[in-house]
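Descriptive structure summary
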Amino acid sequence: MIRAYSLSETFSEEGFNLYREMRRKGITPDPLSFSFVTKCCVKGSSSVLEGLQVHARVLRDGHRSDSRLLTTVMDFYSSFKRFDDACKVFDEMSHRDTIAWNVLISCYIRNGRTGDALVVFDMMESGHSGSQPDDVTCLLVLQACSNLGALEFGERVRRYIQEHGYGHLRNLCNALIAMYSRCGCVGKAYQLFTGMPNRDVVSWTAMISGLASHGHGREAIDAFREMLRMGVAPDEQTFTGVLSACSHSGLVDEGWMFFDHMSKEFGILPNIHHFGCMVDLLGRVGLLDQAYQLILSMSFSPDPTMWRTLLGACRIHGHVALGERVIEHLIELKAQEAGDYVLLLNIYSSVGNWEKVIEVRKWMKEKGIQTTPGCSTMEVKGEVHEFVVDDLSHPRKKEIYEMLDEIGKQLKIAGYVAEVTSELHNSGAEEKANRLSYHSEKLAMAFGILATPPGTTIRVAKNLRTCVDCHNFAKMLSGVYNREIIIRDRNRFHCFREGQCSCNDYW
DNA sequence: ACTTGTTACA
């Protein structure tokens, strides 16, 4: 079984075959060999069935009290998203060490229960689990914080890291850089990054991507060049970061150049993500036909997301004909979703084709297509406040709406004109095209002004993309009220300061 | 045994 162990990293199938051979010869596997073969069964290299067989055998051979072995079995279930099975194994373990708890955290993250991962950290730190968090626990929990945008929790983990002497570990620094970036604090990410003595390709990539998502395209490219000067070799992910930097900052020539260089100079062939970034880049600046041609020129077939990216570009530029064609492609892939029809609606409304808007809406209603309502959240003193369109549920709603009126007056003086013309939102079926409504991010921003001392940065997280009007509103607000406002979109950050935004998506 | 960086859409 030693051979199976050494094979388990790369040739999982052979590992399982060896196990089978062993059984055929009547040799009883010991816990260690069970552990190796289970590792061969994790997602990506085998089917669930093989692992299930092993698990059954483990139980039959009386290893149900071997917690190390069960930890591996649990991880196997977790990797196949069999959440309940994984939890069952965890519950049945007689003894749980830090690693078992780590696997539980990893299982929560993999299965979309990210918030619960933080709860587990709480339990571990407070001693309720009987095991203390270690460096891997921190790594996993930082990942959870990144996903949730939970800055305060992330800082708490950082303190834990420092207090327990993990501060020098490179992978933890890398995870912290990502956490800060994804919580909207590139500045802090950069500070940490510059303080690191040994930066590897992961550190650089995290920093480049962080700068990219905040709209600091030039700085991201500078970082990339600096990385090359330091002799660190870029990989696929690095180029994903670099190309996304170009797309978020509208750097078309640079984008083409890097896209070209990556294979010619670095021997890295563009994958679907790289093409996705290029389509986004070209689409955003209005080179829609080039973007379309690039998709058609690929040697692999485009995925739904790729088409969706192009559809988003059609919305920005009001390109009806191409938009309709893209929808066809999505339908062909049987991948069209509610959000796609909302984009199509916005394309029609942006060119004033109200007949089509009504037609599509009616059709959506008939088909019972449910759209996702826009929702914004804001964290004040560790408490998360949630807002939806025209929200009336917040306990301080009266103050919030009064504040909105007041802000509206102030911004009007400064020259803000509400844009009520074209944008439609996923705010529910009954929304009318020309109604002036308070989108969730406006409510959140007003609450931010209300609930935090002057000068405090206002951080808003939104589940969908911000509309042009709210974007203008935030710009003006940042100038008139002298506040830094950071809105975390679906996929990037808008940093508003002194009446400007770091992005160039909206004009 | 568990483990760092990844793009695009609403």
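Residues numbered from 1 in each chain as written. Chains lettered and ligands numbered in written order. Predicted model: local features only at pLDDT ≥ 70, side-chain atom pairs only at ≥ 80, totals over all residues. Heavy atoms only, no water.

As for unusual backbone geometry
- Positioned with a positive phi, K81 is a non-glycine residue whose angle comes to about 60 degrees.
- Looking at the secondary structure, you find K81 in the loop between α5 (67-79) and α6 (83-92).
- For K81, a relative accessible area of 57% gives the class exposed.
- One non-glycine residue, D390, adopts positive backbone phi at about 50 degrees.
- Relative to the elements of secondary structure, D390 occurs in the loop between β2 (383-388) and α23 (397-413).
- Overall, the relative accessible area of 27% leaves D390 in the partly exposed class. (Helix = DSSP H or I, 4+ residues; strand = E, 2+ residues; numbered from the N terminus. Buried < 20%, exposed > 50% of the residue type's maximum accessible area, 1.4 Å probe, protein only.)

Some thoughts on the state of the cysteines
- Following the criterion strictly, the structure yields zero disulfides and no others.
- As a non-bridged cysteine, C107 has C87 as the owner of its nearest cysteine sulfur, 5.2 Å distant.
- By relative accessible area, C107 is classed as buried at 0%.
- Of the cysteine sulfurs around C375, a residue in no disulfide, the closest is that of C470, at 13 Å.
- The buried category is assigned to C375, whose relative accessible area is 16%. (Disulfide = S-S within 2.5 Å.)

Some thoughts on the UniProt feature "repeat: PPR" (unreviewed entry) in chain A
- Under the UniProt annotation, the feature "repeat: PPR" (unreviewed entry) is placed at residues 1-29, 97-127, 200-234, 235-270 and 337-371.
- This span, residues 97-127, is 81% helix and 0% strand, and a straight line between its end C-alpha atoms measures 12 Å.
- Structurally, residues 337-371 is divided into 77% helix and 0% strand, and its ends, taken at the C-alpha atoms, are 9 Å apart. (UniProt positions renumbered as here; feature names shortened; annotations may be inferred.)

Some words on the layout of surface pockets
- Taken as a whole, the second largest pocket encloses approximately 580 Å³ of empty space.
- Lining the second largest pocket are 22 residues; nearest its centre among them are S35, R68, T71, T72 and I99.
- Residue assignment for the lining of the second largest pocket shows that the elements contributing at least two residues are α3 (31-40), α5, α7 (98-110) and α9 (135-148).
- Examining the composition of the lining of the second largest pocket, we find that seven residues originate from one element, α5, more than from any other.
- Considering only residue class, the lining of the second largest pocket consists of eleven nonpolar, six polar and five charged. (1 Å grid on protein atoms, 1.4 Å probe; cavity = no way out; pocket = protein on both sides within 12 Å on 5 of 7 lines; lining within 4 Å. Points joined across faces, edges and corners; volume = space filled by probe spheres on them. Nonpolar A, V, L, I, M, F, W, Y, C, P; charged D, E, K, R; others polar.)

Points about the pattern of salt bridges
- This model, assessed by the stated rule, comprises 22 salt bridges.
- Put simply, E359 and K356 hold a salt bridge, and the shortest N to O gap is 3.8 Å. Here the residue E359 and the residue K356 both occupy positions in helix α22 (residues 354-367), the gap between them amounting to three residues, near one helical turn.
- The class for E359 is partly exposed, based on a relative accessible area of 47%.
- K398 is the partner of E402 in a salt bridge, and the nearest nitrogen-oxygen pair spans 3.2 Å. (Salt bridge = Lys/Arg side-chain N within 4 Å of Asp/Glu carboxyl O.)

Brief notes about the packing of aromatic side chains
- Enumeration over the complete set of coordinates arrives at 19 aromatic pairs.
- When the centroid spacing of 5.7 Å and the interplanar angle of 75 degrees are considered together, the rings of F121 and Y160 count as edge-to-face. Pair noted here: F121 is in helix α8 (residues 114-125) and Y160 is in helix α10 (residues 151-163), with a separation of 39 residues, a long-range link. An identical accessibility class is assigned to F121 and Y160; each is buried.
- Look at W256 and F259: their rings are 6.0 Å apart centre to centre, the planes differ by 75 degrees, and that puts the pair in the edge-to-face class. Of this pair, W256 and F259 both sit in helix α16 (residues 252-264), three residues apart, which is roughly one turn of that helix.
- In this structure W256 comes out as partly exposed when scored by relative accessible area, which is 31%.
- Classification of F259 by relative accessible area gives buried; the value is 11%.
- Each residue in the set F224, F239, F258 and F266 is aromatic and connected to the rest through ring pairs, giving one cluster.
- Above the ring of F90, the side-chain terminus of R96 is found at 4.8 Å from the ring centroid.
- Here R156 stacks its cationic end above the ring of F153, 4.6 Å away from the centre of that ring. (Phe/Tyr/Trp six-rings, centres within 6.5 Å; stacked < 30°, edge-to-face > 60°. Lys NZ or Arg CZ within 6 Å of the ring centre and 35° of its normal.)

Thoughts on the protein's contact with DNA strand B
- In the vicinity of DNA strand B there are 43 residues, among which N102, H273, R465, R490 and N491 approach most closely.
- The protein-proximal atoms of DNA strand B, defined as those within 4 Å of the protein, are 45% sugar or phosphate.
- In the environment of DNA strand B, a phosphate oxygen lies 3.4 Å from a nitrogen or oxygen atom belonging to the side chain of R110.
- With respect to DNA strand B, the side chain of R465 contributes an N or O atom lying 3.5 Å from a phosphate oxygen. (Near = heavy atom within 4 Å. Polar contact = N/O pair within 3.5 Å; in protein donor to acceptor, adjacent residues only side chain to side chain.)

Describing the side chain of S247
- Mapped onto the elements of the fold, S247 is located in helix α15 (residues 236-249).
- Non-local contacts of S247, meaning those with residues more than four positions away in its chain, are made with C277, D280, L281 and R284. (Contact = heavy atoms within 4.5 Å.)

A few points about the sheet that holds β2
- With respect to topology, six strands assemble into an open sheet ordered β2-β1-β3-β4-β5-β6, the strand pairing being mixed. At either end of the open sheet lies a strand with only one pairing partner, and these are β2 and β6 (500-501).
- For strand β3 (residues 458-462) and strand β4 (residues 485-488), the ladder comprises four bridges, and the chain directions are parallel. Within the sheet, the bridge partner assigned to V460 lies in β4 and is I487. (Pairing = 2+ DSSP bridges.)

Thoughts on helix α24 (residues 440-451)
- Compared with the 16 Å implied by 1.5 Å per residue over twelve residues, the 16 Å span of α24 between its first and last C-alpha is a close match.
- Counting buried positions over the twelve residues of α24 gives ten, a clear majority of the element.
- Those residues of α24 lying buried are S440, E441, K442, L443, A444, M445, A446, F447, G448 and I449.
- Check the buried side of α24 and you find it contacts β1 (375-380), β2, α23, β3, α25 (468-480) and β4. (Expected span 1.5 Å × (residues − 1).)

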